[in-house]
Amino acid sequence: LFQSLVPPPNYFEVNTILEAEDQRSAALVLNPYSNDLIKARYANNSTISNQQLLETPCRRSSLNPHSSGTVRRFRAASFSLARVIETCGPRLRIRLVGTDDRNDYWFLVDSDQIRPYPSGSPLQPPFGYMHNHLVWNRTLKKATEGTRFADPSWFISQPPDPEDNYFQVNDKLEAVDRRNTQLICPASVGAVNGHHILINFDGWSGAFDYWARFDSRELFPVGWCKSANYPLQPPGPNVIRSPIIHSTPSFLYAHNSVSQAPSISPKYLSK
């Protein structure tokens, strides 16, 4: 997993200014390779080949085709001016200047998708901004006047890339719900294909499943929420009704009992 062994401290303060990637522009770049399109494209195949999934780009990183197991980075989304709206554990709720609460997004404090303001690089208007650049420049000036900027010392370098995909089917983990990115839920690995894994949320239907790269920062080891003092959502109702579960979900997830449910080995974590 692409997470620190120990959750990083959070020094950020609400209403401070920083720069953040516009996640909607990133989603627009990746739209031709969405989960729905992948499912439709390979609907007649029982499995997706490793090469086909490797050809699916990732907003944050992609596999170097000339060196197996080596991760290289590229940037697809633009940075915009943003404000810290809320902090919880090692995560921040960020709102881009010029948008409302419908477009807030959560970042880790050690994410490379946030940076101090001013960075010296041009800031783009948020995706869907309806005014011209003259209005945008006035918006930037107004938003930064008399406002405290996030201190550069609050930003933490992200952990090193994991070496390879060590996930196995039925491994337990904690994962961000992409339909509500504030939530982190107990999940299982439903399938492994090359450098991608299928996330199954425990107790919920497959409608919430999604494919993610093994190095996604939306994935966490079992017990991460407890260590980070971040709320972990309970499993869905199907777990409670399942006859194969002999212990209550609160026991399985509050105490991270590896004897009752397989979990991710620490060797999968970045050091």
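To start, this report covers the structure provided alongside it.

Calculation criteria
- Residues numbered from 1 in each chain as written.
- Predicted model: local features only at pLDDT ≥ 70, side-chain atom pairs only at ≥ 80, totals over all residues.
- Heavy atoms only, no water.
- Helix = DSSP H or I, 4+ residues; strand = E, 2+ residues; numbered from the N terminus.
- Buried < 20%, exposed > 50% of the residue type's maximum accessible area, 1.4 Å probe, protein only.
- Contact = heavy atoms within 4.5 Å.
- Areas by Shrake-Rupley, 256 points an atom, 1.4 Å probe, with all protein chains shown as cover.
- Pairing = 2+ DSSP bridges.
- Phe/Tyr/Trp six-rings, centres within 6.5 Å; stacked < 30°, edge-to-face > 60°.

### A short note on the overall build of the protein
Along its length, the protein carries seven helices and twelve strands. Across the 271 residues in the protein, those meeting the buried criterion constitute 46%. When contacts within the protein are restricted to residue pairs at least 6 apart in sequence, those whose partners lie at least 24 apart make up 68%. If you sum the accessible surface of the protein, you get close to 14000 Å²; carbon and sulfur atoms cover 52% of it.

### With respect to the sheet that holds strand β7 (residues 114-115)
Two modes of strand pairing occur in sheets, parallel and antiparallel, and in both the strands are linked by backbone hydrogen bonds. Pairing is antiparallel in the open sheet, where five strands are placed in the order β6-β5-β4-β1-β7. The sheet is open, and its two edges are formed by β6 (105-108) and β7, each paired on a single side. The pairing of strand β5 (residues 91-96) with β6 spans four bridges and is classified as antiparallel. When the bridges of β6 are listed, Arg-91 appears paired with Leu-108.

### Notes on the packing of aromatic side chains
Scanning the model with the defined rule gives nine aromatic pairs in all. Taking 5.7 Å as the distance between ring centres and 65 degrees as the angle between the ring planes, the aromatic pair formed by Phe-12 and Trp-154 counts as edge-to-face. Here Phe-12, found in the segment before β1 (17-21), pairs with Trp-154, found in the loop between α4 (133-144) and β8 (172-176); they are 142 residues apart in sequence, far enough to count as distant. Given the relative accessible area of 8%, Trp-154 is considered buried.

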